[in-house]
Amino acid sequence: MAKEKLEKTNAMRILDQKKVAYKEHTLGITDAVSGVEAASLLGVDESLVFKTLVTVGKSLEHYVFVIPVASELDLKKAAEELDLRKAADAVGEKAVHMVKSKELLPLTGYVHGGCSPIGMKKFFKTTIDQSALDVDRIFFSGGRIGFQIETTLDELKKAIVFQLKDVAVR
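Let us look at the structure shown here. (Residues numbered from 1 in each chain as written. Predicted model: local features only at pLDDT ≥ 70, side-chain atom pairs only at ≥ 80, totals over all residues. Heavy atoms only, no water.)

1. Some points on the side chain of T9
Put simply, the test is: Numbering goes from the N terminus for both helices and strands, where a helix is a DSSP run of H or I of at least four residues and a strand is a run of E of at least two. Buried means the residue's accessible area, taken with a 1.4 Å probe over protein chains only, is under 20% of the maximum for its type, while exposed means over 50%, and partly exposed covers the values in between. What makes two residues a contact is simply this: any of their non-hydrogen atoms within 4.5 Å.
You can see T9 is positioned in the segment before α1 (10-17). What makes T9 buried here is its relative accessible area of 2%. With sequence-adjacent residues up to four places away left out, T9 is seen in contact with G142, G143, R144 and F147.

Next comes the structure, spelled out in structure tokens:
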């Protein structure tokens, strides 16, 4: 029996166009799940799975952060002794706030739970948590609920421009 052909998402089509080496994974779900649940469904350590968060700064510019699923984005000033940086500092803002779920689709073209750093309606400055340097590959949303993309940072550089900064609180 022939293998069922996977319907490509916009993110996957962009990766194909840019000749990025990646693997696509389907979770067999139609409702959004937490990133930790996605890691479990993938059968991989949660340190490999990243979530895509969209924020807005005081300047009204939008920023994308890609952080480990078991972490939170450090929106507030952290204690200096912990040497954590604010997400705002990483993008040169005084403060950033999460975009409301209802604003996500018109802004990015993606729904909550299916937001990918690749293929948004407009490219926003993207910061990936530097913990991605500690793993050989990362997984992130493929642009639709239930779809995940697996690739390396070196391959991802072919598709989007990003910076690596310490922006997550574990």
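2. Brief notes about helix α2 (residues 35-42)
We apply this condition: In this context, the arc is that of the directions from the helix axis out to the C-beta atoms.
Regarding α2, the residues found buried are A38, A39 and L42. The arc enclosing the buried residues of α2, seen along the axis, measures out at 100 degrees, which places them on a common side. In this fold, the buried residues of α2 make contact with β1 (23-26), β7 (138-141) and β8 (147-151). Looking at the residues trailing α2, positive phi occurs at G43, about 75 degrees.

3. Comments concerning the layout of surface pockets
The following threshold applies: Here a cavity denotes a set of grid points, spaced 1 Å apart and computed over the protein atoms alone, in which a 1.4 Å probe fits but from which it cannot get out, and a pocket denotes an open set meeting protein on both sides within 12 Å along at least five of seven lines; residues with an atom within 4 Å of a point are reported as lining. Grid points are joined across faces, edges and corners, and a volume is the space filled by probe spheres set on the points. Three categories are distinguished: nonpolar for Ala, Val, Leu, Ile, Met, Phe, Trp, Tyr, Cys and Pro, charged for Asp, Glu, Lys and Arg, and polar for the others, with Gly belonging to the last.
What the largest pocket holds in volume is close to 510 Å³. Lining the largest pocket are 29 residues, and of these K51, T52, H112, G113 and G114 sit closest to its centre. If you list the elements that add at least two residues to the lining of the largest pocket, you get α2, β2 (50-57), α4 (101-108) and β8. With 5 residues, the single largest contributor to the lining of the largest pocket is β2. Taken together, the residues of the lining of the largest pocket break down into 16 nonpolar, 10 polar and 3 charged.

4. Some words on the pairing of β8
The condition is simple: Two strands form a pair only when DSSP identifies at least two bridges running between them.
Most of β8 is tucked away, with 5 of its 5 residues classed as buried. Pairing of β1 with β8 involves 4 bridges; the strand directions are antiparallel. Counterpart to H25 in the pairing with β8 is Q148. Where β7 lies against β8, 4 bridges are found, and the strand directions are antiparallel. Bridge assignment links S141 to a residue of β8, and that residue is Q148. Remark: 5 residues form the turn of the hairpin made by β7 and β8, two consecutive strands paired antiparallel; G143 in that turn has positive phi of roughly 100 degrees.

5. Some words on the sheet that holds strand β3 (residues 62-68)
What counts, and what does not: Only the stretch in contact is used when a helix axis is fitted, and all axes are lines through C-alpha atoms; the angle between N-to-C directions ranges over 0 to 180 degrees.
Taken in spatial order, the 5 strands of this open sheet run β5-β2-β3-β6-β9, and their pairing is mixed. The sheet terminates laterally at β5 (96-98) and β9 (163-165), the two strands that pair on one side only. Adjacent strand axes in the sheet meet at a mean angle of 35 degrees when their direction is disregarded. Bridge count between β2 and β5: 3 bridges; the pairing is antiparallel. Bridge assignment links G57 to a residue of β5, and that residue is V96.

6. Considerations on the packing of aromatic side chains
So the rule is basically this: Think of it this way: a Phe, Tyr or Trp ring, Trp meaning its six-membered ring, pairs with another when their centres are within 6.5 Å, and the plane angle makes it stacked under 30 degrees, edge-to-face over 60, tilted otherwise. Comment: the charge-over-ring label is applied if NZ (Lys) or CZ (Arg) is within 6 Å of the ring centre and within 35 degrees of the ring normal.
Counted according to the given criterion, the structure contains 0 aromatic pairs. It is R144 that lies over the ring of F147; its NZ or CZ is 5.1 Å from the centre.

7. A few points about the nonpolar core
Selection rule: What makes a nonpolar core is a set of buried Ala, Val, Leu, Ile, Met, Phe, Trp, Tyr and Cys residues whose side-chain atoms join them at distances within 4.5 Å.
Of all hydrophobic cores here, the largest spans 29 residues; its most connected members are I118 and L156. Mapped by element, the contributors of at least two residues to this core are α1, β2, β3, β7, β8 and α5 (153-156). The biggest single contributor to this core is α1, with 4 residues. Listed in part, the 12 residues of the second largest apolar core include L53, I67, L73 and A88.

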